[in-house]
Amino acid sequence: MGQCWYYYYTILAALQAFTVRDKTFTHAWSPASTTIHQHYRDVLLHHHHHLPEYKASITKTTALYSTSSTSSTPSIAPKPKQLKKKNLRTFARHLEVECWKQPKVRDLERVFLAVSDACRQISRIVARAQTDDLYGVATNADGSQLDENVQGEVQQKLDVVCNEIMLRALCGCSSSIAAVASEEEDEPRTCCDIMGDSAFSVGEYVAVFDPIDGSKNIDSSLPVGTIVGIYKAEDGAAQASLDSFKQNGNNMVAAAYCLYSATTVLVVTLGSGVDGFTLDPDRGVFLQTHPDIRIPDKGPIYSFNEANFHEFTEPVQRYLDSTKAGNGVIGKGCNARYVGALVADVHNILTNGGVYGYPGTISNPNGKLRLLYEGCPMAMIMEQAGGAGSTGTQRILDVNPDEIHQRVPMFLGSSENVYEVDQFHRYYGDAEEN
């Protein structure tokens, strides 16, 4: 009988701590485990005539499942290793260095710091849009829907909130910005009007921006973005006059966009190359993760809304047919990618190469994208990264705007891809006119 109790305690040792593959199961003294002990005690007491078989089974089981430690003390899982942070330069430090190297943009250092702060705020708002009831159409205090904006679009709640953030960021950061024009507002506004103080209208620059591009994507948790462009105010022009904003893109001194997606990425050019910065969620600062971005000379991606294919002009239809047939510069390995937000689609093209297109249609020959708020900033970034921006017939940056909300067809991307689009317009566009 003494042997019986020996095997009983051997079973207890095996139950109290054993390892199955990579998972450790630790015995706990509980009513359930006490029942297990009682069961094995009864089995051993009433079936002691099978002790040789039990002994062999127990020896085999103990060797297979017991831990290397003879102690029955519960084991503690090791803490996971902390991920090591890269030693990356901050956006603030990048601005400090670049503005020192380029005295002509030194006054914009605080402006772009404010832009990065605004993008950080918008990133948090976008992430919390559902829980903070920021989805859907914007309404008045009485619950009625806001009027359509100057673009003829119904404003979303996020459009209104993000527009206010960008207005105050650009005008309140310093005395450098005299006036701003927003894609969400009918007319340009002086910074003294926005801030309620005449001291804010003495700057030498004007800013144009789209506070939240692709805001309808928010309801589906898809990427959205912010676009900013900075011009030098024309000599002799009143800071808030239309003439200060009706400049072609060659006069733009700086541009940026911020993508709110799986990560928040800020891409900036100060006229001497393009750099990308990723928001560190732990520190709340942008870190330089994409220094000196260069787009490939040609790429495999074409990004068009092909639902409008039959509305596109003949040059665009022929270009897409040629591309899909593998006859263009892309060759046989072409890939269609379309998110429906300009910032997201252009960022994909900038990273991987290819062409983004939002052409005119039969019903809208000038397309839907705005020259000042979207076309010129994105074209400047593309050209600074070694790419190109075209309307199909001329550089986007060469277009002289007639109004601040002017629309233009838009093709952005790798130089060879955009050149091919231009060639189709040059050949088949003339045929279409005849």
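Residues numbered from 1 in each chain as written. Predicted model: local features only at pLDDT ≥ 70, side-chain atom pairs only at ≥ 80, totals over all residues. Heavy atoms only, no water.

### Topic: the overall build of the protein chain
In step 1: If you tally the helices and strands in the protein chain, you get twelve helices and 15 strands.
In step 2: Across the 434 residues in the protein chain, those meeting the buried criterion constitute 48%.
In step 3: Once local pairs closer than 6 in sequence are excluded, the contacts in the protein chain between residues at least 24 apart make up 66%.
In step 4: Entry remark: accessible area of the protein chain is about 21900 Å², with carbon and sulfur atoms responsible for 50%. (Helix = DSSP H or I, 4+ residues; strand = E, 2+ residues; numbered from the N terminus. Buried < 20%, exposed > 50% of the residue type's maximum accessible area, 1.4 Å probe, protein only. Contact = heavy atoms within 4.5 Å. Areas by Shrake-Rupley, 256 points an atom, 1.4 Å probe, with all protein chains shown as cover.)

### Let's talk about the confidence of the model for the protein chain
Predicted coordinates in regions of low pLDDT should not be interpreted in detail.
In step 1: Across the protein chain, the average pLDDT comes to 81, with 74% of residues at 70 or higher.
In step 2: In this model, residues 47–51 is a region of pLDDT below 50 whose contacts with residues beyond four sequence positions or in other chains number four contacts.
In step 3: The low-confidence segment residues 60–71 (pLDDT under 50) makes 13 contacts with residues lying over four places distant or belonging to another chain. (pLDDT = per-residue confidence, 0-100.)

### A look at the packing of aromatic side chains
In step 1: By the definition in use, this model includes six aromatic pairs.
In step 2: Ring centres 6.1 Å apart and planes at 45 degrees place the aromatic pair Phe304 and Tyr319 in the tilted group. On the criterion of sequence distance, the pair formed by Phe304 in the loop between β11 (301–303) and α9 (314–324) and Tyr319 in helix α9 is long-range, its members being 15 residues apart. Comparing Phe304 with Tyr319 shows no difference in burial state: the two are buried.
In step 3: Note on Phe304 and Phe411: the rings are 6.2 Å apart at their centroids and 45 degrees apart in plane angle, and the pair reads as tilted. A residue pair is termed long-range when its members are at least 10 positions apart, and Phe304 in the loop between β11 and α9 and Phe411 in strand β15 (residues 410–413) qualify at 107 residues.
In step 4: Pairwise contacts between aromatic rings join Phe304, Tyr319, Phe411, Phe424, Tyr427 and Tyr428 into one cluster. (Phe/Tyr/Trp six-rings, centres within 6.5 Å; stacked < 30°, edge-to-face > 60°.)

### Side note on the pattern of salt bridges
In step 1: Tallied over the entire structure, the rule returns 14 salt bridges.
In step 2: Arg93 is the salt-bridge partner of Glu96, the closest N and O atoms lying 3.0 Å from each other. Of this pair, Glu96 and Arg93 both sit in helix α4 (residues 91–101), three residues apart, roughly one helical turn.
In step 3: Between Arg168 and Glu164 there is a salt bridge, and its shortest N-O distance comes to 2.9 Å. Of this pair, Arg168 and Glu164 both sit in helix α6 (residues 157–172), four residues apart, which is roughly one turn of the helix.
In step 4: Among the charged side chains, a salt-bridge network with shared partners connects Glu183, Arg370 and Glu374. (Salt bridge = Lys/Arg side-chain N within 4 Å of Asp/Glu carboxyl O.)

### So, the nonpolar core
In step 1: In terms of nonpolar packing, the biggest core is built from 47 residues, with Phe112, Val180, Ile230 and Leu266 touching the most fellow members.
In step 2: With nine residues, helix α5 (residues 109–127) is the single largest residue contributor to this core.
In step 3: Leave out the neighbours within four places in its chain, and Leu266 touches Phe91, Ser116, Cys119, Ala256, Tyr257, Cys258, Asp275, Gly276, Phe277 and Phe286.
In step 4: With 45 residues, the next largest nonpolar core counts Ala179, Val267, Ile301 and Met378 among its residues. (Core = buried A, V, L, I, M, F, W, Y, C linked by side-chain atoms within 4.5 Å.)

### Thoughts on the sheet that holds strand β6 (residues 224–232)
In step 1: Spatially, β4-β3-β5-β6-β7-β8-β9-β10 is the arrangement adopted by the eight strands of the open sheet, whose pairing is mixed. Taken across any chain shown, the strands that pair with only one partner, and hence form the sheet edges, are β4 (189–190) and β10 (285–290).
In step 2: Of the strand pairs in this sheet, β6 and strand β7 (residues 252–260) are connected by eight bridges, and their pairing is antiparallel. Bridging across to β7, Gly229 finds its partner in Ala255.
In step 3: Across the face of the sheet, helix α10 (residues 342–352) comes into contact with β5 (205–213), β6, β7 and β8 (264–269) while running at roughly 100 degrees to β7. (Pairing = 2+ DSSP bridges. Axes fitted to C-alpha atoms, helices over the stretch in contact; angles between N-to-C directions.)

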